[in-house]
Amino acid sequence: MKYFKYLVLVMFAAVMIYATGGLSTPGDPSSPASGHVSEYYIEHAVEDTDTPNVVTALLADYRGFDTLGETLVIFTATLACVLILARSTGHD
Amino acid sequence: MIERYESIIVDITCRIMVPFIQVFALYVIFHGHYSPGGGFQGGVLLASSMILHRLSLGHEASYAKLPPRRAALFGTSGMFLFILTALTPLVFGGLFLDYSYLPLPGLNPVELRHYGILIVEIWIGLAVFGCLVVIFDRLTERKW
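Residues numbered from 1 in each chain as written. Chains lettered and ligands numbered in written order. Predicted model: local features only at pLDDT ≥ 70, side-chain atom pairs only at ≥ 80, totals over all residues.

1. Thoughts on the overall build of chain B
Part 1 of the argument: Of regular secondary structure, chain B possesses four helices and zero strands.
Part 2 of the argument: The helix and strand sequence of chain B, counted from the amino end, reads α-α-α-α.
Part 3 of the argument: Structurally, chain B occupies a C-alpha span of about 60 × 30 × 20 Å along its principal axes.
Part 4 of the argument: Counting every position in chain B, which comprises 144 residues, the buried fraction comes to 39%.
Part 5 of the argument: Here the analysis covers contacts within chain B between residues at least 6 apart in sequence; of these, 67% occur between residues at least 24 apart. (Helix = DSSP H or I, 4+ residues; strand = E, 2+ residues; numbered from the N terminus. Buried ≥ 20, exposed ≤ 12 C-beta atoms within 10 Å, placed from the backbone. Contact = placed C-beta atoms within 7 Å.)

Listed below in structure tokens is the structure:
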């Protein structure tokens, strides 16, 4: 049971390394992300969201779930800071 | 604990700069539709103005302006309201984070998405502002 956490970590690393094989090469023009998806965003962002800044429309609207996760990351980091740096109030 | 920095130049410069940084932060948040910027950047600017205030004027004057507990309240309420805004369209028949189903009267779906982005950016700015000030307070103070 003591080494269970290491087993979990090794299995998680194995899954992550296995998953990297499925990633497309960065900048590959034939990858799914560079295909119809980004073209749709660039062509329809203004008429869909009435927002001239495509980056804002992407981050806050189309990929709002990603932004929610980013905010949650900052929030979790704050919680970790508060909990780790908590000092006892009895002495300085 | 941060003590007040005993210098009239630092004191006056920071007193003048803090409101301008805060106004620029609000500009960055509310002008995110038309220029680079948004909730994260504006929130960091707001937090940096408060940190400058704390560093230059000391904790006593700065905590009177923004108590650490209120900063924590800002951070948590920003996060909570963001999730609430994300969940609201589910109640009114839309998908998660689909702002066109937000219950704001008198707006068509495109305008709703426009204002939905603005609302979400405000909550992000509030959350980032509160969280960064809380981290700074935790690193510098002895007890709440």
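From this point, the discussion proceeds with the structure in view.
2. Some points on the overall build of chain A
Part 1 of the argument: Scanning chain A from N- to C-terminus turns up four helices and zero strands.
Part 2 of the argument: From first element to last, N terminus to C terminus, chain A shows the α and β order α-α-α-α.
Part 3 of the argument: On C-alpha atoms alone, chain A measures out to a radius of gyration of 21 Å, which is more than a quarter above the 12 Å that the 2.2 N^0.38 rule sets for 92 residues.
Part 4 of the argument: Judged by the C-alpha coordinates and their principal axes, chain A covers about 60 × 35 × 20 Å.
Part 5 of the argument: When each of the 92 residues of chain A is scored for burial, the buried share is 17%. (Rg over C-alpha atoms; globule rule 2.2 N^0.38 Å.)

3. Some details on the confidence of the model for chain A
Part 1 of the argument: Here chain A shows a mean pLDDT of 86. Residues at 70 or above account for 93%.
Part 2 of the argument: At the low end of the mean pLDDT range in chain A sits helix 2 (residues 36-49) of chain A, at 86; at the high end sits helix 1 (residues 4-20) of chain A, at 94. (pLDDT = per-residue confidence, 0-100.)

4. Some details on the nonpolar core
Part 1 of the argument: Core analysis: the largest hydrophobic core is formed by 38 residues, its most contacted members being Phe82(B), Ala127(B), Val128(B), Phe129(B), Cys131(B), Leu132(B) and Val133(B).
Part 2 of the argument: For this core, the element with the most residues is helix 4 (residues 109-140) of chain B, which contributes 16 residues. (Core = buried A, V, L, I, M, F, W, Y, C linked by C-beta atoms within 7 Å.)

5. Things to note about the interface of chain B and chain A
Part 1 of the argument: In this complex, chain B contributes 28 residues to the contact, which on the side of chain A involves 25 residues.
Part 2 of the argument: Breaking the side of chain B that touches chain A down by element, the ones donating at least two residues are helix 3 (68-91) and helix 4 of chain B.
Part 3 of the argument: If one sorts the elements of the side of chain B that touches chain A by residue count, helix 4 of chain B sits on top with 15 residues.
Part 4 of the argument: Residues that form the side of chain B that touches chain A fall into these classes: 16 nonpolar, six polar and six charged. (Nonpolar A, V, L, I, M, F, W, Y, C, P; charged D, E, K, R; others polar.)

6. Some details on the packing of helix 4 (residues 64-84) of chain A against helix 3 of chain B
Part 1 of the argument: Direction vectors running N to C along helix 4 of chain A and helix 3 of chain B enclose 155°, while the axes themselves pass 11 Å from each other. Classed by the angle they form, the pair helix 4 of chain A and helix 3 of chain B counts as roughly antiparallel. Crossing hand, helix 4 of chain A versus helix 3 of chain B: left-handed. In this structure, helix 4 of chain A contributes Gly64(A), Leu68(A), Thr71(A), Phe75(A) and Thr78(A) to the contact, and helix 3 of chain B contributes Gly75(B), Met79(B), Phe82(B) and Ala86(B).
Part 2 of the argument: Looking at the contact of helix 4 of chain A with helix 3 of chain B residue by residue, the class counts come to five nonpolar, four polar and no charged. (Axes fitted to C-alpha atoms, helices over the stretch in contact; angles between N-to-C directions. Parallel < 35°, antiparallel > 145°, perpendicular 65-115°, else oblique. Left-handed = near helix turned anticlockwise from the far one by under 90°.)

7. Details of the confidence of the model for chain B
Any region with low pLDDT has predicted coordinates that should not be read closely.
Part 1 of the argument: Taken residue by residue, chain B gives an average pLDDT of 90. The fraction at 70 or more is 97%.
Part 2 of the argument: Across the predicted assembly, pTM comes out at 0.84 and ipTM at 0.86.

8. A few points about unusual backbone geometry
Part 1 of the argument: If you check the backbone angles, Asp50(A) has positive phi at about 60° while not being a glycine.
Part 2 of the argument: Checked against the element boundaries, Asp50(A) lands in the loop between helix 2 and helix 3 (54-62).
Part 3 of the argument: Phi is positive for Leu97(B), close to 70°, though the residue is something other than glycine.
Part 4 of the argument: Along the chain, the position of Leu97(B) falls in the loop between helix 3 and helix 4.
Part 5 of the argument: Residue Leu97(B) is classed as buried on the basis of its 24 C-beta neighbours within 10 Å.

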